Amino acid sequence: MENKSGIWRGLWVPSDGRSSSTDLNPSESSPSDFNPSESPSSDLDPASIASTSSHTFRNNGYDVFISFRGPDTRNTFVGHLYAHLKRKGIFVFKDDVSLQKGESIPAQLKQAIKDSRVSVVVFSKDYAASKWCLEEMAIIADCKQHSHQTVFPVFYDVDPSHVRYRNGPYEEAFASHRSMFKEDPNKVHQWEIAMEYLANSVGWPVRNRQEFEVIENLVQHIINELDHNFSGYPSDLIGIQPRVEELENILKLNSMNDDVRVLGIWGMSGIGKTTQTTILYDKISRKFDGSCFIQNVSEIYKRKNDGGRAIHKQILRQTFKEENLAMCDSVEISRKIKYRLHNIKVLIVLDNVDQIEQLKALSIDPKKLLKGSKVIITTTDKKILRLYRVDVIHEVSLLNDSDARELFYKSAFKREGQISGSMKLMIPNILKYAQHLPLAIVVIGSFLCDCNVEQWKDLLDKFESDPADGIMNTLQKCVDGLQLHEKEIFLHIACFFNGERKDYVERILDCCGLHPCNGIPRIIEKSLITLRDHEIHMHDMMQELGKKIVRGQCLDEPESQNRIWLYKDFYRIMAQQGTENVKAIVLNKREDIIECSVDGLSRMKNLRLLILYHKAFSGSLNFLSHKLRYLLWHDYPFDSLPSNFIAIDMVELNMPNSNLKHLWEDCKNFSNLKRVDLSNSKYLIKTPDFSGMPKLERLDLSGCTSLTQVHPSIGLLEKLAFLSLRNCSNLVDIYFGKESNLFSLKVIYLSGCTKLEIMPDLKSATYLEYLDIDGCSSLSLVDESIGSLSKLTFLSLRNCENLVSIPDTINIMTSLQTLDLCGCLKLTNLPLGQTFISSSRLKSLIFLDLSFCNILEVPDAIRMLRCLERLNLQGNNLVSLSCLSWLQRLAYLNLSYCHNLEALPELPVGIASSAGQYFKTVPGSRDHRSGLYIFDCPKVVHKFCSTDPETLYRYSLGWLVKLIEEPNHFRCGFDLVVPWDEWNPWIQRSPFRIGCPFNGSYARIANTFSEVEGWIGFVFSVLFEVKNYPVVSTSSHGSFSSASQHPIYLVFESEFTEEYFDMPLNLEVDKIHRSPHVWMIYVSRQHCHFVKSGALIHFKGHPRVEIIEWGVEAIFLEDVDKFKMMLQAQPLPPNSYASQDYIHFGIRGNYNPGPKIQLPYNWMVTDGEEAENINAKAKEKGLSYAGL
């Protein structure tokens, strides 16, 4: 429970005129949650705190000072004005009420006037007769003139001219004063000047007007003036002003829509909810007809048998100044609340509510309150606010770095000279420990105040192991309201899982039977934990509280605890041969440990959770608790589990990197086991019999390099969703049994099983979606059952070097989106037959990779793959290629290294508006770039560059136009690599300028170009040639490593970094036929950040690449039509593509900028692209997390 008020400065401040001793009977006063015995500061005396003025926030200043002549107006105008102002919560000085006897009256009056923000001077008939009044008036006039104090003159039953010129009823009074002060005429003269000065101000005549109307009008002007010049932010409350102003904005106080609004202020204890609400109340309460601040609602309910009735009384007293309520029963009080509260514009603050029943018992329906009313509720429990259906829930944030430091300085140091250099060095660690929690900073600062450096060190060491009771007792109240399973979750997180991923923690807690799907949101609502980047975070102070609860009274007896998280405690328990008290052990994986015998685990019969990461364990293990629910033991040191081990309630058994040779002998009953992870257990030679694990959902045996067989009972696992045998390099055969029933199986990884010769029969895995068989170099045949996988979306046989053929049944796979056969060197044909054509099977295929397969011919049926967007045929023995004109969605075509290719296929025509599904549905692909690649195709070069260069040029230009016209075909940009004849006259009219010599040249785009309208992107073009022999790098080719696969890079260079865009081709082929090529890169406008940054643009090349020349050009929308004209061989005017002023070229010369950080080009993806990427990753994650 946080102190109501100034916890940010180390002082408790009572509420401002609310729940004061004059408002409450002693038996009904609102309890304070400040406990003086817990305060660490010696200068915070309980007695002085109890008597602190209710206006401590104003440092004893007043809102309004009233100067008046008592006999004239005390019981009439001034009496009514004073009462009205008080009802509005305005702090008023009225001499017959506020003067304290025994003090010098003139001195006190003078100070009261100076400390007031507004003065009201009530000029009545006998006002000038009082020397006291005239003295007050002179001081007020001086404050108005020199301190800009606001003054409201009121002319009560006198004419303003009588006051201004001192005639009428004032003439005789001033004559009397002149006679009395003959020896000091200057005094009377000063009074006359002051009176004239004030009387010339805009005033409030009361004569011949309704008195109550004048008072209401005057009070409203006073309120407006006080709000305009609000000075109630205490200087020692750090960072309070912007926080209060944010709350004001949420309440929409100045909005034209002045509806009833309920604001919930939520946050952990000690964070400053009540402090902020107190200042907010002090600032805005006068805008309402009535207001009340009910402090510490939860404590009132705890201390009163009828807490609702006690709160109702407080509301009536504070809002309506009701007295004599002691004899009223609950029914009458409820009736008063119902009929009076709903008839005025009211502000109600209910502080520290910890149960929804406390609000329900008050029977205050916000919907029935008068328009403009506001209700504010502070709580540590978000669920209360949701159930009460508040309009807005505002979460109070921790202090920022600057405010936290300033608050600590104010709490820990009374004067500047106290701060030593050693103390300054310790402050960052103190703030890190307090984690910007105001309560913790103030308490720690108060402890350290007036201490020397050695005492600081001693106290801080003490805090690490035993935080201050003042903090712990406050935080404890949040934990007290938790249900049993919620408290168990809280303690598990405090001891084990602070900072861990939410999904990981939920899995473990679920295994432990703690229902985290309900429990975690509940303790988030209770402000005990927060979620950040999918991780669970708990404030260090709250974590220490949890650990303190677990330790209880046994600080030095870890064997008495039910949870163990420190290695030293674990070591001690193992040395004592275990204990039956411990139920959970999770050792910090970052903690360094020495070798430890784990024999003591054999005695821990009540152990339910065990997580160990370290290798330094030895001894023997004869028994493991039968109550275990979750086991994670990295680097398990023994060759099997204990022979007597059976844990019927176990849900997960994870032992990666273990020394296991087998789990256990024969079949054992693990009826609730859902997940088994034995990955990288290199000595595992066989799996257990799975028939005793009917609920198994996930089995990971990847990297078990000694595994030769999998027990055939695996085929009986009806719930198995994920199976990984990746890199099981000695696995020869996989047999799922004669009656396999794997209809839940979604993901299979068999990649890297280099001795696997035959793919398993998968006909029972009818819901399989992902099948990865990469790198199975001994695999020669694919089982016919693959055709029955109607749900399969991903199939990869990449680098299956001995694969000879694929069954025809692949044609009937209607859901397949990705088919990757790259590197299948013995695959010479693809079975796309007549069956395929007639039935439109493979209708979902988006990505087809046949690169480096030695395919001689691509069937004509490929044109029926209407959804195909990406086709990679590089490195094949193709002579010709079927017509691709039907493939309107095709956005990526790679024909590079097809040395026998003689003819180019006819390209798609028309625009497919539904293109781009690849980016949405095929995450994790190996190539996300769109474009056209015809590199190192010597016969194509010979035929077209020598005899028909215009056709080749139109071919590449047509592809570029197709992609630009349909942005769905690509993301951010695309590129083309095609053969080029630089001497062809028709090409010289190209819209892509390739005329800048390469030697040391660069370009820069004027940043003013970003304001030019109509441009849609930039095209960069470079003419290059690859050499067939090693070449020593020259300075002009840049600093990229010669071992790099990529031949050329487009570079955007800034002061410290180089962003690069690489050509997606490699030089690791035996022979590249030397001929010129052009690489063109298109970057769409929203990704051209180099325009505003002014980056230097240039190219860098591999040592085997000769860069001849390059260029850059902006593309405008109307240029697309010009490109189409060129495709139709219509000549363009000679100057249509003249050089533009916005591109500036230069020469580096011998300038060497030195090494820079090299980064891939920052595409600065749009919100839409990011959302698309997130969705694609979520689908991929959904498969990889199958069974979790």
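These numbers come from a predicted model, not from an experiment.

Draft legend 1. Representation of the packing of aromatic side chains. Counting across every chain of the model gives 46 aromatic pairs. An angle of 75 degrees between the planes, with centres 5.2 Å apart, marks the rings of F123 and Y127 as edge-to-face. Positioned above the aromatic ring of F320 is the side chain of R340, whose terminal nitrogen or guanidinium carbon lies 4.2 Å from the ring centre. Residue placement shows R698 over the ring face of F722; its charged tip is 3.6 Å from the ring centre.

Draft legend 2. Up close: the environment of N606. Within the element layout of this structure, N606 appears in the loop between β15 (596-597) and β16 (609-612). Once residues lying within four places of it in the same chain are set aside, the contact partners of N606 are E580, V582, K583, S625 and K627. Of the polar contacts made by the side chain of N606, one reaches the backbone oxygen of E580; its length is 2.8 Å. At a separation of 2.8 Å, a polar atom in the side chain of N606 contacts the side chain of K627.

Draft legend 3. The arrangement of the sheet that holds strand β2 (residues 92-94) in detail. Reading across the sheet, the five strands line up as β2-β1-β3-β4-β5 and stay open at both edges, with parallel pairing between neighbours. Each edge of the open sheet carries a strand with a single partner, namely β2 and β5 (204-205).

Draft legend 4. How the structure looks around the side chain of E1059. Note that E1059 resides in strand β36 (residues 1057-1062). For the buried residue E1059, which engages in no salt bridge, the nearest side chain bearing the opposite charge is K1156, 12 Å off. Within the local environment of E1059, its side chain forms a polar contact with the side chain of H1089, the two groups lying 3.2 Å apart. The contacts of E1059, once residues within four sequence positions are left out, are L1050, V1051, F1052, H1089, L1159, P1160, Y1161 and N1162.

Draft legend 5. Structural detail: the confidence of the model for the protein. Within the protein, residue pLDDT values average 82, and 85% of them lie at 70 or more. The least confident element of the protein is helix α1 (residues 46-50), whose mean pLDDT is 24; the most confident is strand β21 (residues 698-700), at 97. Under a pLDDT of 50 for its full length, residues 1-59 has, in the predicted model, 146 contacts with residues more than four places off or in other chains. Considering only residues more than four positions removed or in separate chains, one finds that residues 1031-1044, a stretch of pLDDT under 50, has 24 contacts.

Draft legend 6. Up close: helix α6 (residues 131-147). Here α6 contains 17 residues, and its C-alpha end-to-end distance of 23 Å stays within 8% of the 24 Å for a straight helix at 1.5 Å per residue. Turning to α6, its buried residues are C133, L134, E136, M137, I139, I140, A141 and C143. Between a side-chain oxygen at the N-terminus of α6 and the backbone nitrogen of W132 the separation is 3.3 Å; the capping residue is S130. Immediately beyond the C-terminal end of α6, within one or two residues, lies H148, with a positive phi of roughly 60 degrees.

Draft legend 7. The environment of R117, seen in detail. Among the structural elements, R117 can be located in the loop between α5 (105-115) and β3 (118-123). By relative accessible area, R117 is classed as buried at 17%. Once the C-alpha coordinates of R117 and L226 are considered, the two residues, 109 residues apart in sequence, prove to be 7.4 Å apart.

Draft legend 8. Spatial organisation of the nonpolar core. Judged by nonpolar contacts, the single largest core of 140 residues is most densely connected at F570, I585, L601, W633, L725 and L797. Of the residues forming this core, the biggest block, nine residues, is contributed by helix α31 (residues 949-965). Counting 125 residues, the second largest nonpolar core, distinct from the first, contains L362, L385, I430 and V442.

Draft legend 9. How the structure looks around the sheet that holds strand β8 (residues 346-350). Taken in spatial order, the five strands make up an open sheet running β7-β8-β9-β6-β10, and their pairing is parallel. The strands lining the two open edges of the sheet, one partner per strand, are β7 (290-294) and β10 (392-395). Across the sheet, the axes of successive neighbouring strands diverge by a mean angle of 15 degrees, strand direction being ignored. Here helix α14 (residues 307-320) sits on the sheet in contact with β7 and β8, set at roughly 140 degrees to β7.

Draft legend 10. The arrangement of the pairing of β3 in detail. Among the six residues that make up β3, six are buried, leaving the element largely enclosed by the rest of the structure. Here β3 shows two buried faces, one formed by V118, V120 and V122 and the other by S119, V121 and F123. As paired strands, β3 and strand β4 (residues 150-155) are joined by six bridges and run parallel to one another. Bridge pairing in β4 links V118 to T150. Each parallel crossover has a hand, and the one from β3 via α6 to β4 is right-handed.

Draft legend 11. Quick look at the packing of α6 against helix α9 (residues 185-199). Contact pair α6 / α9: the axes reach a minimum separation of 9 Å and the direction vectors enclose 60 degrees. It follows that α6 is oblique to α9 by the angle criterion. When you trace α6 past α9, the crossing you get is left-handed. Across the interface between the two elements, K131, L134, E135, M137, A138, A141, K144 and Q145 of α6 pack against K187, W191, A194, M195, Y197 and L198 of α9. Of the residues assigned to the contact of α6 with α9, the class counts are nine nonpolar, one polar and four charged.

Calculation criteria
- Residues numbered from 1 in each chain as written.
- Predicted model: local features only at pLDDT ≥ 70, side-chain atom pairs only at ≥ 80, totals over all residues.
- Heavy atoms only, no water.
- Phe/Tyr/Trp six-rings, centres within 6.5 Å; stacked < 30°, edge-to-face > 60°.
- Lys NZ or Arg CZ within 6 Å of the ring centre and 35° of its normal.
- Helix = DSSP H or I, 4+ residues; strand = E, 2+ residues; numbered from the N terminus.
- Contact = heavy atoms within 4.5 Å.
- Polar contact = N/O pair within 3.5 Å; in protein donor to acceptor, adjacent residues only side chain to side chain.
- Pairing = 2+ DSSP bridges.
- Buried < 20%, exposed > 50% of the residue type's maximum accessible area, 1.4 Å probe, protein only.
- Lys, Arg positive; Asp, Glu negative; His and termini not counted.
- Salt bridge = Lys/Arg side-chain N within 4 Å of Asp/Glu carboxyl O.
- pLDDT = per-residue confidence, 0-100.
- Expected span 1.5 Å × (residues − 1).
- Core = buried A, V, L, I, M, F, W, Y, C linked by side-chain atoms within 4.5 Å.
- Axes fitted to C-alpha atoms, helices over the stretch in contact; angles between N-to-C directions.
- Right-handed = clockwise from strand over helix to strand, strands pointing away.
- Parallel < 35°, antiparallel > 145°, perpendicular 65-115°, else oblique.
- Left-handed = near helix turned anticlockwise from the far one by under 90°.
- Nonpolar A, V, L, I, M, F, W, Y, C, P; charged D, E, K, R; others polar.

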